[in-house]
Amino acid sequence: MDLLALADFNLVARHGGFGRAARAAGRPKATLSRRVTELEAALNLRLFERGARALKLTEEGRALFERAGQLLTELEETASAIAAGGERPRGRLRISAPLLFSQTAMGRIAADFALKYPEVRLEVTTEDRAVDMIEEGYDLVIRVNPDPDESLVGRVFLRDRLVVVASPNLTRPVANEAVRAVVRSAGDRVPWQVKTSHGPKKIVVEPVLALSSLLMVRDAVRAGVGAGRLPISLVSHDLAAGTLAHWADVDGPEITLWTLYPSRRLLSARVAAFLDHLKQAFPMGTPDELAAYIFK
C-alpha cells in the first residue's frame, strides 16, 4: 500500500473534502483527488461517496480512516523522535478506566502524569463497560479481571481482594442467621462465600440497601446499615482506625487490574510512558500500595 496515498486520503477525510484539504495543506486539489482514486483502485474499494456538493466517507472509508489516522500519527511521532535523537511522549492519549479506580486514584495519577509530560494531551473516560478500543479510538484501557481477548495484550499492575466488613456495633451472625447487608443490586440475595480458619463458610444475607457504587456501599456500611463486601484497599484505613470490623475474607477469585492495548500496533511513546508511570505509582502492585495511594 502506498503510504503517501494513504496520508492524502487521511488528509481529505479529516477535512471533509478535497478543496478544504488542498487549502489546508497548500497542495493542488487535482493531486489529492488522483491519489485517493489510485488508493481506491489499489484496494478495490470505494472510500468516498462523491456528491455534487458533498463528500462522504463510505463505511469502508470510515473504518480505514479510524485505523489509518492512528497509524500515521505513530509513524510521524516515531520519525520525529528518531530525527530528534530520542523518543519524547507527545500527542493525545485516550484512556478508559473503571469507575472505582477513577474515583479513588485516577485523578492524582493523571495530574502527576500531565505535570511530568506536558506535551501529552491526556483524556480519561470513566466507564465499567468493555469498550472497543479500535472503534472508539482508545490508546489504553484499564479493566478489572478482563475476559481473554486475542486482539489485546497487557499486564496486571494492581491486585486486590474482597473482604466482608461491618460497623463494630453490628452483631455478627451465628449459624445460619441472616445478616443485614448492603449490596450492589436489589435482587442480590446469594449467600456470601467466605474463608475462615475452619474452612469455607456461607454468610446468609438479608439485603436492606442496594447501591451501585462501592464508595456508596462503604459509606453505608460505615453508618451501620449493614455488612458489605468491599475491596480491602478501600477499607484498610477504616479497619486500622477501628471504624469498621473485618468479618472475613471473601472466598473467590483475586481482583486484578490490567492495562490493555492493541497487539497489532507499535507501543507509542505516550502509552509506554503511562505504563511506566503506573509502575512507579504501584511498584509491587499490592492492595496495601493502592490503599496508601488512596488515603495519602
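As a reminder, the structure under discussion sits directly above these lines.
The paragraphs below set out a description of the structure included in this document. (Residues numbered from 1 in each chain as written. Predicted model: local features only at pLDDT ≥ 70, side-chain atom pairs only at ≥ 80, totals over all residues. Heavy atoms only, no water.)

**Here we look at the overall build of the protein chain**
Thinking step 1. In terms of regular secondary structure, the protein chain is built from ten helices and 14 strands.
Thinking step 2. In terms of C-alpha radius of gyration, the protein chain reaches 26 Å, well past the compact-globule figure of 19 Å for 296 residues.
Thinking step 3. Expressed as a percentage of the 296 residues in the protein chain, the buried residues total 42%.
Thinking step 4. Partitioning the intrachain contacts of the protein chain with sequence separation of at least 6 by distance along the chain shows that 74% fall at a separation of at least 24.
Thinking step 5. When the accessible surface of the protein chain is summed, it comes to about 16100 Å², and 53% of that surface belongs to carbon and sulfur atoms. (Helix = DSSP H or I, 4+ residues; strand = E, 2+ residues; numbered from the N terminus. Rg over C-alpha atoms; globule rule 2.2 N^0.38 Å. Buried < 20%, exposed > 50% of the residue type's maximum accessible area, 1.4 Å probe, protein only. Contact = heavy atoms within 4.5 Å. Areas by Shrake-Rupley, 256 points an atom, 1.4 Å probe, with all protein chains shown as cover.)

**So, the sheet that holds strand 13 (residues 245–250)**
Thinking step 1. Strands sit in the order 10-9-13-7-12 across an open sheet of five strands; the sheet is antiparallel. Strand pairing shows two members of the sheet lacking a second neighbour, strand 10 (199–203) and strand 12 (228–231), which therefore form its edges. Across this sheet, the average inter-strand angle for adjacent strands is 50°, counted without regard to direction.
Thinking step 2. With four bridges connecting them, strand 7 (residues 162–166) and strand 12 associate as antiparallel partners. Bridging across to strand 12, V163 finds its partner in L230. (Pairing = 2+ DSSP bridges. Axes fitted to C-alpha atoms, helices over the stretch in contact; angles between N-to-C directions.)

**Regarding the environment of I109**
Thinking step 1. Structurally, I109 is set in helix 5 (residues 99–116).
Thinking step 2. Judged by its relative accessible area of 0%, I109 is buried.
Thinking step 3. Sequence separation between I109 and V153 is 44 residues, and the spatial gap between their C-alpha atoms is 22 Å.
Thinking step 4. Dropping the residues within four chain positions of it, I109 is found in contact with F101, F274, H277, L278, F282 and Y293.

**Some words on the environment of D139**
Thinking step 1. With respect to the helices, strands and loops of the structure, D139 is situated in the loop between helix 6 (133–136) and strand 5 (140–144).
Thinking step 2. Classification of D139 by relative accessible area gives buried; the value is 6%.
Thinking step 3. Distance from D139 to S268, taken between C-alpha atoms, is 8.8 Å for residues 129 residues apart in sequence.

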